[in-house]
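Spelled out, the chains give:
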Amino acid sequence: MAVKDRDRFSTATRLKLLGEQTAARVYRSQTKRQARRSRLTGRAALLALVLCSLIVALAYPIRQYVSQRAEISDLERQQSQARQRVEQLRDLKARWQDDSYAEQQIRQRLHYVMPGETGYVVIDPDAAKQSRAELGAADRPWYSNVWDGVDKSDASDQ
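Computed from a prediction, not measured in an experiment: that's the story for all the values here.

A. Spotlight on the overall build of the chain. In terms of helices and strands, the chain carries six helices and zero strands. Overall, the chain shows an N-to-C arrangement of helices and strands of α-α-α-α-α-α.

Here's what the structure looks like:
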């Protein structure tokens, strides 16, 4: 046992023990650094860079595609409305080809009458009163008419 005790306290043993302890500390600090170190490797960074550049490169064409699709749908809608309008005009043209429809429209719109008939027009009494009121406004000074217009517009807002 004396030899064992002497080995334990020898300088070589102490240095060996000190070296092992130092190596253990260095190993622990390296593992901590590796744990703290980002998991982003060079390959992952390159992949992220490539993906970002693809996104940036494709953003404008995709935006153009979407806007062109919207424009195409608007033009198709306008085209369908134009087709409906053409159909309406064709129907109207076909109606005007009929003599009885043309005669009816001429009588209604132009107040024409056939020979031997008596034409007359019924005037709405309310419309006659409004036209007389408008004639009275011409006799007043212009600033009175402007002020009355302001009053009427203010009354309509309330």
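B. Expanded view of the packing of aromatic side chains. Tallying each qualifying case throughout the model produces one aromatic pair. With centroids separated by 5.4 Å and ring planes inclined at 80°, the aromatic side chains of Trp 96 and Tyr 101 adopt a geometry described as edge-to-face. Under the relative-accessibility criterion, Tyr 101 is labelled buried at 15%.

C. How the structure looks around unusual backbone geometry. With phi around 60°, His 111 is a residue other than glycine that occupies positive phi space. Looking at where His 111 falls in the secondary structure, it is placed in the loop between helix H4 (99-110) and helix H5 (125-137).

D. Expanded view of the packing of helix H3 (residues 42-97) against H4. Axis separation between H3 and H4 bottoms out at 5 Å; the angle between their running directions is 90°. The angle between the axes of H3 and H4 places the two elements in the roughly perpendicular class. Of the residues in H4, those touching H3 at Leu 92, Arg 95, Trp 96 and Gln 97 are Asp 99, Tyr 101, Ala 102, Gln 105 and Arg 109. Split by residue class, the contact of H3 with H4 holds four nonpolar, two polar and three charged.

E. The arrangement of the side chain of Gln 105 in detail. Relative to the elements of secondary structure, Gln 105 occurs in helix H4. Given a relative accessible area of 9%, Gln 105 falls into the buried group. The residues touching Gln 105, leaving out its near neighbours within four places in the chain, are Trp 96 and Leu 110.

Thresholds applied
- Residues numbered from 1 in each chain as written.
- Predicted model: local features only at pLDDT ≥ 70, side-chain atom pairs only at ≥ 80, totals over all residues.
- Heavy atoms only, no water.
- Helix = DSSP H or I, 4+ residues; strand = E, 2+ residues; numbered from the N terminus.
- Phe/Tyr/Trp six-rings, centres within 6.5 Å; stacked < 30°, edge-to-face > 60°.
- Buried < 20%, exposed > 50% of the residue type's maximum accessible area, 1.4 Å probe, protein only.
- Axes fitted to C-alpha atoms, helices over the stretch in contact; angles between N-to-C directions.
- Parallel < 35°, antiparallel > 145°, perpendicular 65-115°, else oblique.
- Contact = heavy atoms within 4.5 Å.
- Nonpolar A, V, L, I, M, F, W, Y, C, P; charged D, E, K, R; others polar.

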